[in-house]
Every structure is written in structure tokens, then in C-alpha cells.
Amino acid sequence: LVARHYRATSFTALDYSSDLLGYQPLRAAIAGYLARARAVNCNHDQIIIVNGSQQALDLIARLLIDQDDCVAIEDPGYLGARRIFLSNGAKLLPLSVDENGVVLEQLYNLTDQIKLIYLTPSHQFPTGAVLPLSRRLALLDWAEQHGAMIIEDDYDSEYRYSGRPIPSLQGLDRNGAVIYAGTFSKVMFPALRIGYLVVAPEMVDLFAHSKWLSDRQTPILEQIVLTDFINSGQLERHIRRMRTLYDRRRETLVRALQNHFKDLVTIIGESAGIHLMARFELKLKDLEVIERASSVGVELIAAGQQYLKKGDYREFIFGYANLSEYKIQTGIKRLAKVLLNKD
Ligand SMILES: Cc1ncc(COP(=O)(O)O)c(C=O)c1O
């Protein structure tokens, strides 16, 4: 495939790229995919290929945050984003989330000038809440009135198991206030390290030069192969197949947790994504739960790490995408045994 590409174009593709935004055919393929799948409204010249969303967040933070700028973040929220903002001198303002995602009333009462708001609206990390259309529109209004920019991290929006898809914030925005970050880490695999930023036309140069300064470019061979994978229709077929598979694994996990833990468990945010959160009504500390789970080969993440204020929240993140139904069933059985002290 790569040899065919080089014959069709020229060997200069092996040199430093003259296209600072990334491989143009890949950007065109992503623009088409985003329009179909996420109602993202952009031209391919607004897309910058990056090494995963982590690089997208790093570029955003370095370019847009000055010392002591206020950045509003979801609480609990994604540590990978929080640490990047902090390391670039941001003052963090936590916004709590409910079963519908970020609670907007908190923004209305703030006296600080907010520079950026970082959100995971399609599937709040880690609670799994999906931000409804009414809150999306209210948020965009608020951002426009207050001159704030929104970072939409759409890391796993492809996996939604019930309800109608809600258009991305970027697609609803009419003021260029949204920076959209996407990744192939969840639809393909994390080690691929390919993601993309969608920015307003007037910000493209800034981001492109910053990416060039940071690491020159994202590796070309992977970009060429990925372009072919998208244009041949295989990416969307793969996503459809995986959605069915993950849905079955998700259902198996929910059923196993409910069967074994009965009213001692509350399941949160299972309608989308590739993880869910479970709250246990147990007297054990979070660390004790993690250690007992690990002793029987079950790897859990305590959601407490994702809160700004540390504590025992008794909430745990269960990833299920790469586990067979059998492994899920037997894993939860072993977990129940060590957490409930059953024989
Ligand atoms: C909220 C969130 N954003 C982004 C990512 C993906 O990051 P990357 O594209 O750098 O692999 C993750 C991965 O777990 C995540 O949880």
C-alpha cells in the first residue's frame, strides 16, 4: 500500500513534510468521517494531525494558557488533561457533574474570568454521563457571552448503545469557540498515536507551527495506511462490528455486577463508551478494594483519583472492551468473593 502510494506521488513523502497540518488525504478522510459520524462542521484545512489527544491537549495548553489563567474542568475528570493544564500554570476551577454531565449553574455564579473549559460531553470521563442538547446549547451561549473557549474531547463518542446520537458541540457552535480533539486510540488502538484537532480557520497557523516546533510531524507511514483504512470503508465497518461486540460485553458486565452485588452496587454511565463506573456500598476503603481485586486478577481504577478533592468515593472504573464475556463473568465472580468475603 505504501509502495503504491509512493509510486503514485513521489519519494519526497519520505522527507520532512511540507504540509504542517499533516497528510492531506488523511485530513480529507477525517473531515468526511467527522461530518458523517459526529456532525462536526469543518474543512480539512482546519484539521491538524497530532500524536493522540494528549498532544492535542499539550498544544492547546501551551498556546492558550498564561500563568494563572482560569481553566474550568469537570470534577471528576480526566487526569491527563488536568495535569497538562496545571503544568502550564492554569488555575483550575472544578465543575461538578451529575447524571447529565457538567452542571452549568456553577458557571453562572463564577466571578473569575474563564479562559478555557475542558469537557468530555459525549461520554463524561469517568462518570459516563452524556451532555444533553439543552445543556450543550446553553453552554455555547455562555461561552459566547463570556469570551471563553471550549475544548471538546470526543475520545470515545463512537460507542453509544442507546438513545439518539447528539451532535458534537463543535457542530452546534456558530462562533468558533470550540476546539475539537479526536483520537484513534479507542476506535483503533492507543499505540497508533494518531489523533486530530479541529480548530477555527484563524487558529490553524498557530497550531500548525506549534506542532512543527514540537515534533515536526506525525509519522507518515501510519497516516497513509489509516487514510486507506478510512477511505475503503473499513473503519466504519470495524466500528459497527465493535459496537455490537462491546455492547454484549457491557451487558454481561452489568448483569454480572448486579447478580453478584445486588443492592450493594449502583452502575453509572453505562449507555456509552468502553468503560462504566460502579459505586459499591461496602465498608472497605478504595485502596483495599483495588488491592483485593488485583489479588484475584481484576484490575480496577478508583474514580477517587479523578476528583480534585481526594477521598474514598467508593466508585470504580471498569473497562470491558478487551475482555471476553467469559472473562468478565468469571472476573466479577472472583471480585464478589473477595469483596463480600463469600466462601
Ligand atoms: C478523556 C480521555 N481523553 C483522551 C484519551 C485518549 O488519549 P490519547 O488519544 O492520547 O491516547 C483518553 C484515554 O483514555 C481519555 O480517557
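What comes next is a walk through the structure. (Residues numbered from 1 in each chain as written. Predicted model: local features only at pLDDT ≥ 70, side-chain atom pairs only at ≥ 80, totals over all residues. Heavy atoms only, no water.)

### Observations concerning helix α4 (residues 79-87)
Every buried residue belonging to α4 is among Leu79, Gly80, Ala81, Arg82, Ile84 and Phe85, and all of these are buried. Trailing α4 by a residue or two, Gly89 shows a phi angle of about 90°, which is positive. (Buried < 20%, exposed > 50% of the residue type's maximum accessible area, 1.4 Å probe, protein only. Helix = DSSP H or I, 4+ residues; strand = E, 2+ residues; numbered from the N terminus.)

### A closer look at the sheet that holds strand β9 (residues 265-268)
Spatially, the four strands line up as an open sheet ordered β9-β10-β12-β11, and their pairing is antiparallel. Strand pairing shows two members of the sheet lacking a second neighbour, β9 and β11 (301-302), which therefore form its edges. In the sheet, β11 pairs with strand β12 (residues 315-319) via two bridges, with the strands oriented antiparallel. Its bridge partner lying in β12, Ile301 is registered against Ile317. (Pairing = 2+ DSSP bridges.)

### Examining the nonpolar core
Across soluble globular proteins, you tend to see nonpolar side chains buried next to one another. In terms of nonpolar packing, the biggest core is built from 55 residues, with Phe184, Leu257, Phe280, Phe318 and Leu335 touching the most fellow members. Looking at this core element by element, the count peaks at nine residues for helix α10 (residues 234-261). Beyond its immediate chain neighbours, meaning those up to four positions away, Phe184 contacts Ile30, Phe189, Leu192, Ile194, Tyr196, Leu226, Ile230 and Leu235. Counting 29 residues, the second largest nonpolar core, distinct from the first, contains Leu92, Ala181, Leu197 and Ala208. (Core = buried A, V, L, I, M, F, W, Y, C linked by side-chain atoms within 4.5 Å. Contact = heavy atoms within 4.5 Å.)

### Brief notes about the packing of aromatic side chains
Summed over the entire model, instances satisfying the criterion amount to ten aromatic pairs. Through a chain of ring-to-ring contacts, the aromatic side chains of Phe261, Phe280, Phe316 and Phe318 assemble into a single cluster. Stacked on the ring of Trp212, the Lys or Arg Arg216 has its end atom at 4.4 Å from the ring centre. (Phe/Tyr/Trp six-rings, centres within 6.5 Å; stacked < 30°, edge-to-face > 60°. Lys NZ or Arg CZ within 6 Å of the ring centre and 35° of its normal.)

Keep in mind that these numbers describe shape and distance, not what the molecule does.
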